[in-house]
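# Tertiary structure, described
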Amino acid sequence: MSIIQFRQTSKHFGALKVLDRVDLTIDEGEVVVLIGPSGSGKSTLLRCINGLETITGGDLIVDGLSVKGGARQLREIRQEAGMVFQQFNLFPQLTALENVAFGPRKVRGLSRAEAQETAIDLLDKVGLAEKANHYPAELSGGQQQRVAIARALAVKPKVMLFDEPTSALDPELKQEVLNVMRRLAAEGMTMVVVTHEMAFAKQVGTRLIFMEHGKIAVDGNPREVIDTPPNARLKDFLQHVE
Amino acid sequence: METDWSVVIDYMPALLAGAKTTIYITVLGLVGGLLLGTIAGLMRAYGGSVLNAIAFAYIELIRGTPIVVQVMFLYFALPVLADIRIDPMSAAVLAIVVNAGAYIAEIVRGAFLSIGKGLSEAGLAIGLPHWKVLLYIVGPLAFRRLIPPLGNQFIVSLKDTSLFIVIGVGELTRTGQEIMASNFRAVEIWSAVAVIYLIMTGSLTLVLRTIERRMKIL
Ligand SMILES: Nc1ncnc2c1ncn2[C@@H]1O[C@H](COP(=O)(O)OP(=O)(O)OP(=O)(O)O)[C@@H](O)[C@H]1O
Ligand SMILES: [Mg+2]
């Protein structure tokens, strides 16, 4: 069952073409790892899926709904496609627990008690139950990112979008976030991940996409593609990342 | 030159009545100014081109003209133009509303736009409509940054009420002037007037400091 379908999708910023007639179908349960040089359009591709960027050509279907279907439909899509940002973007005036309970309460309309219960379960799942009453400023980067993952999961999405979730973290903190993502993948969550963690891509990814100039240049099995790159530029890129 | 400070005590009731009028104009004017300024500021920050242009024109018109001219216009020109008569007191309150509103609009716009785009996107990404993002996430954060510049504006507006002497509103400065005209005790009366203003602005500063200390800037 396909859950995301790019259909000749284009995205321009003024005269700059950032996505160039992309065709891409992602099925439920896939873990798609997105790589490519800086400026190749990875973030933009991800942000088009939940409508943080408006596509300028073609169509894009998420869970059966077009991103061009208006504000209300876009909000439905966003509830099905959770996003985790490079800079965490936790709400600084709310505790970890309140951050996670926010979506269930204000978006899904749960009661305060129900939302809290959901939030506690999720914080437990990302290993931060004991930090529930801490504010983001009192947490390490890795802990903040795990709270951010819990916040996205709290709305019960069908797909999770990750935009370089570990790039802002020190090496020793990356693993705790990657471990949460591994577990999520093992539970069968559909994921689209922009990352330069090649070990993660090989181990967890079911599919690897290499982007160049707003186009999909390579699309294949992560192990095969990484071990024997089918084109010179990917080979070059992989050497840079190592 | 000899001074006789007992006149201050004699005229204290009159001076305090003037101060009361000053406070009345300031409070009413700032309540209205906050409302108007918030609306105009949000129109500037998030409105489409039409709303933005309306708010922009209003702000520039007010910031580009002196408050004395504004209150003269409200009190003397409006009746001629639109056949609306208003008493000096209403003209004074309205002048503060309109004047403070323009400055507060810029303060509100600045505070809202200073909140990083990432937080709005995080709110939108969990499926919140834009107005809820502003109400629950950006608003509370912006509010904290609003307090210091807002306090400034409150003090400016309080002192601006002294300019309404030109339309004969019996606020503190006008009261001082009237007492002066009858006894020529310039040193005593103007000292007393200045001290009463200082007490009012000082109390305002104290209240704002307390609020600021209670709320961390995030
Ligand atoms: N809001 C914007 N306005 C104008 N241009 C933009 C905007 N966002 C992105 N771009 C441009 O679009 C291109 C693709 O950006 P994008 O962020 O998708 O790249 P990326 O592959 O994620 O790069 P990186 O690895 O550096 O994150 C870049 O040239 C960028 O400058
Ligand atoms: Mg990017």
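Structure shown above.
Everything numeric here is computed off the predicted structure, so don't read it as measured data.

### A few points about the site of ligand 1
Residues and elements named next belong to chain A. Taken together, Phe 13, Leu 16, Val 18, Pro 37, Ser 38, Gly 39, Ser 40, Gly 41, Lys 42, Ser 43, Thr 44 and Glu 164 make up all the residues around ligand 1. Ser 38 is positioned such that a nitrogen or oxygen atom in its side chain is 2.6 Å from an oxygen atom of ligand 1. A distance of 2.8 Å separates an oxygen atom of ligand 1 from a polar atom in the backbone of Gly 39. Compared with its free state, where it exposes 630 Å², ligand 1 has 59% of that area covered by protein. Secondary structure elements with two or more residues in the shell around ligand 1: strand E2 (16–27) and helix H1 (42–49). When residues in the shell around ligand 1 are grouped by element, the largest group, three residues, is from H1.

### Digging into the sheet that holds strand E3 (residues 31–35) of chain A
Residue and element names in this part refer to chain A. With mixed pairing, the six strands of this open sheet are ordered in space as E6-E7-E8-E3-E9-E10. With one partner strand each, in any of the chains shown, strand E6 (81–84) and strand E10 (215–220) form the two edges of the open sheet. Sheet twist, expressed as the mean angle between neighbouring strand axes with direction ignored, is 20 degrees. Bridge count for E3 against strand E8 (residues 190–194) is four bridges, and the pairing is parallel. Following the sheet pairing, Val 32 is matched in E8 by Val 192.

### Observations concerning the side chain of Thr166(A)
Along the chain, the position of Thr166(A) falls in the loop between strand E7 (159–163) and helix H6 (171–186). Accessibility expressed as a relative area gives 2% for Thr166(A), which makes it buried.

### Structural notes on a negative patch on the surface
Residues and elements named next belong to chain A. A cluster of acidic side chains, namely Glu 114, Glu 117, Asp 121 and Asp 124, defines a negative patch on the protein surface. Relative to the helices and strands, Glu 117 is located in helix H4 (residues 112–125). By relative accessible area, which is 54% here, Glu 117 ends up exposed.

### A closer look at helix H5 (residues 141–153) of chain A
Helix length check: H5(A) (13 residues) gives 18 Å between terminal C-alpha atoms against 18 Å at 1.5 Å per residue, within 8%. Summarising burial for H5(A): 13 of the 13 residues are buried, a large majority.

### A closer look at the packing of helix H1 (residues 6–46) of chain B against helix H7 (residues 172–183) of chain B
Each packed pair of helices is defined by two parameters, the angle between the axes and the distance between the axes. Residues and elements named next belong to chain B. In the contact formed by H1 and H7, the axes pass within 7 Å of each other and the chain directions differ by 150 degrees. By the angle between their directions, the pair H1 and H7 is classed as roughly antiparallel. Judged by the sense of rotation from one axis to the other, the crossing of H1 with H7 is right-handed. The residues of H7 that touch H1, namely those facing Val 7, Tyr 11, Ala 14, Leu 15, Gly 18, Ala 19 and Thr 22, are Leu 172, Thr 175, Gly 176, Ile 179, Ser 182 and Asn 183. For the contact of H1 with H7, the class distribution of residues is seven nonpolar, six polar and no charged.

Cut-offs used in this document
Residues numbered from 1 in each chain as written. Chains lettered and ligands numbered in written order. Predicted model: local features only at pLDDT ≥ 70, side-chain atom pairs only at ≥ 80, totals over all residues. Heavy atoms only, no water. Near = heavy atom within 4 Å. Polar contact = N/O pair within 3.5 Å; in protein donor to acceptor, adjacent residues only side chain to side chain. Areas by Shrake-Rupley, 256 points an atom, 1.4 Å probe, with all protein chains shown as cover. Helix = DSSP H or I, 4+ residues; strand = E, 2+ residues; numbered from the N terminus. Pairing = 2+ DSSP bridges. Axes fitted to C-alpha atoms, helices over the stretch in contact; angles between N-to-C directions. Buried < 20%, exposed > 50% of the residue type's maximum accessible area, 1.4 Å probe, protein only. Patch = residues over 30% accessible without salt bridge, like charges linked within 9 Å, V, L, I, M, F, W, Y side chains within 5 Å. Salt bridge = Lys/Arg side-chain N within 4 Å of Asp/Glu carboxyl O. Lys, Arg positive; Asp, Glu negative; His and termini not counted. Charge placed at Lys NZ, Arg CZ, Asp CG, Glu CD. Expected span 1.5 Å × (residues − 1). Parallel < 35°, antiparallel > 145°, perpendicular 65-115°, else oblique. Left-handed = near helix turned anticlockwise from the far one by under 90°. Contact = heavy atoms within 4.5 Å. Nonpolar A, V, L, I, M, F, W, Y, C, P; charged D, E, K, R; others polar.

Note that every value here comes from positions in space, so none of it alone points to a role or purpose.
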